[in-house]
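Architecture at a glance
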Amino acid sequence: MRRKLIAGNWKMNTSYKEAEKLSKDIISSISKSVLDKVDVLLCPPFISIGIVSKTIKGSGLKLGAQNVYFENNGAFTGEISAEMLVSAGCEYVIIGHSERRKLLHETDKMINKKIHKVLEAGLIPVLCIGESLEEREDEIFEGVIEKQLTDALQNISKQEMEKVVIAYEPVWAIGTGLNAAPEQISAMHRFISEVVEKLYDSEITENMLILYGGSVNEKNSKEILSACGVDGALVGGASLKAAAFCSIAKDASEIKVT
Ligand code: 13P
């Protein structure tokens, strides 16, 4: 059975010491019964991956990065490879977050290269897709999502696809306090599933995790996580508060996967 996944994307927040403290606080606030049912993932900034890895060792929490580069090594100043992430204890990598697409001009082609490299290294990519407010208002959002998925998954084999996690994050819901309505989320998750089924088959979509992200917090998590087709959440702001993040994970542990 699919296990729900609650992922915290700390973005560019927390100093080295704060990252250590936040991971300690999460360990003390999360119960074993939650971790028995739900995968809980922390994605700190690169600089704190080492200390968070050390802190969470043996706790059952999982570790991921927020980005990766698509080359193995060499003269790529400031970049981090998939192998480096593996060596630091990461199991997951967020790829194609809308903030990177928009602010750092990350293209679908780069995202596709990153997914290939990450899978080669044995990491799990969390592929972020989502439409802007303008694209939703212009009612072209399904086409946008289909293109993002198709381009990102170019030449990814069925066997590789079994490992890919999708995160649907409508850009208009990120950091705005305006989460998408449960019906909107379910409709988009169904659409994503249909697109992936067209690209692969139903065996893939039956086991594929689709997370929702965008203003998820401890107050709306129960409703969002209960929406049909939601297999977990990618949490930004609320993942920086141990109590809020653990409450979201607890909600996930109490809801059946649909
Ligand atoms: P917020 O939860 O702060 O809206 O951020 C969502 C997000 O971008 C997670 O990747």
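Rules used throughout
Residues numbered from 1 in each chain as written. Predicted model: local features only at pLDDT ≥ 70, side-chain atom pairs only at ≥ 80, totals over all residues. Heavy atoms only, no water. Axes fitted to C-alpha atoms, helices over the stretch in contact; angles between N-to-C directions. Helix = DSSP H or I, 4+ residues; strand = E, 2+ residues; numbered from the N terminus. Parallel < 35°, antiparallel > 145°, perpendicular 65-115°, else oblique. Left-handed = near helix turned anticlockwise from the far one by under 90°. Contact = heavy atoms within 4.5 Å. Nonpolar A, V, L, I, M, F, W, Y, C, P; charged D, E, K, R; others polar. Pairing = 2+ DSSP bridges. Buried < 20%, exposed > 50% of the residue type's maximum accessible area, 1.4 Å probe, protein only. Expected span 1.5 Å × (residues − 1). Near = heavy atom within 4 Å. Polar contact = N/O pair within 3.5 Å; in protein donor to acceptor, adjacent residues only side chain to side chain. Areas by Shrake-Rupley, 256 points an atom, 1.4 Å probe, with all protein chains shown as cover. Salt bridge = Lys/Arg side-chain N within 4 Å of Asp/Glu carboxyl O. Core = buried A, V, L, I, M, F, W, Y, C linked by side-chain atoms within 4.5 Å. Phe/Tyr/Trp six-rings, centres within 6.5 Å; stacked < 30°, edge-to-face > 60°. Lys NZ or Arg CZ within 6 Å of the ring centre and 35° of its normal.

Let us look at the packing of helix H8 (residues 141-152) against helix H10 (residues 182-199). The interhelical angle for the contact between H8 and H10, taken along N-to-C directions, is 45°, at an axis separation of 10 Å. In terms of orientation, H8 lies oblique with respect to H10. In this structure, H8 meets H10 at a crossing whose hand is right-handed. Within the contact between the two elements, H8 uses Phe141, Glu142, Ile145, Glu146, Leu149 and Thr150 and H10 uses Met188, Phe191, Ile192, Val195, Val196, Lys198 and Leu199. The residue makeup of the contact of H8 with H10, split by class, is nine nonpolar, one polar and three charged.

Further remarks concern the sheet that holds strand S8 (residues 232-235). Here we have eight strands rolled up into a closed barrel, ordered S1-S2-S3-S4-S5-S6-S7-S8, and parallel in their pairing. Recorded for the sheet is a direction-independent mean angle of 25° between the axes of neighbouring strands. In this sheet, strand S6 (residues 165-168) lies alongside strand S5 (residues 124-129) in parallel orientation, the contact comprising four bridges. Within S6, the position partnered with Ile129 by the bridge is Tyr168. On top of the sheet, H8 reaches S5 and S6; it is set at about 150° to S5, its chief contact.

Our focus in this paragraph is the pairing of strand S2 (residues 38-43). Burial of S2 is extensive: six of the six residues sit out of reach of the surface. Burial of the side chains of S2 extends over both faces: Val38, Val40 and Leu42 are buried on one face and Asp39, Leu41 and Cys43 on the other. The pairing of S2 with strand S3 (residues 62-65) spans two bridges and is classified as parallel. Across the sheet, the residue bridging to Leu42 is Leu63, located in S3.

In this model, H10 (18 residues) spans 26 Å end to end at C-alpha, consistent with the 26 Å of a helix rising 1.5 Å per residue. Those residues of H10 that fall on the buried side of the exposure criterion are Pro182, Ile185, Ser186, Met188, His189, Phe191, Ile192, Val195 and Val196.

With respect to spatial proximity, the complete set of residues near the ligand consists of Asn9, Lys11, His97, Glu169, Ala173, Ile174, Gly175, Gly214, Ser215, Leu234, Gly236 and Gly237. Ser215 places a polar main-chain atom, nitrogen or oxygen, 2.8 Å from an oxygen atom of the ligand. Residue Gly237 places a main-chain N or O atom 2.8 Å away from an oxygen atom belonging to the ligand. In the complex, the protein chains occlude 94% of the 310 Å² of accessible area that the ligand would expose alone.

Bringing the pattern of salt bridges into the picture now. Pairing is possible between side chains that carry opposite charge, provided their charged atoms lie close to one another. Under the defined criterion, the tally for this structure stands at 20 salt bridges. For Asp231, the salt bridge identified is with Arg2, shortest N-O distance 3.3 Å. Of this pair, Asp231 sits in the loop between helix H12 (221-226) and S8 while Arg2 sits in the segment before strand S1 (4-9), and the two are 229 residues apart along the sequence. Among the ionic pairs, Asp151 bridges to Lys147, the shortest N-O distance being 2.4 Å. With Asp151 and Lys147 both in helix H8 and four residues apart, the pair spans about one turn of that helix. Via salt bridges that share partners, Arg101, Asp108, Lys147 and Asp151 belong to a single interconnected network.

Counting residues in hydrophobic clusters, the biggest one holds 72 residues, and the most contacted among them are Ile6, Leu127, Leu149, Met161 and Ile166. In terms of residue count, the dominant contributor to this core is helix H13 (residues 242-254) (seven residues).

With that out of the way, let us pick up the pairing of S5. Extensive coverage of S5 is indicated by the burial of six of its six residues. Residues Ile124, Val126 and Cys128 line one face of S5 and the alternating positions Pro125, Leu127 and Ile129 line the opposite face, and both faces are buried. Inspection of the sheet shows strand S4 (residues 92-95) paired to S5 by four bridges, in the parallel sense. If you follow Ile94 over to S5, its bridge partner there is Val126.

Evaluation of the coordinates by the stated rule reveals three aromatic pairs. On the basis of an interplanar angle of 45° and a centroid distance of 5.3 Å, the ring pair of Tyr69 and Phe76 is categorised as tilted. Judged by its relative accessible area of 17%, Tyr69 is buried. On the basis of relative accessibility, which here comes to 31%, the residue Phe76 falls in the partly exposed class. Site record: aromatic cluster; members linked through ring pairs are Tyr69, Phe70 and Phe76. Over the ring of Phe141 we find Arg136, and its NZ or CZ is 3.9 Å from the ring centre.

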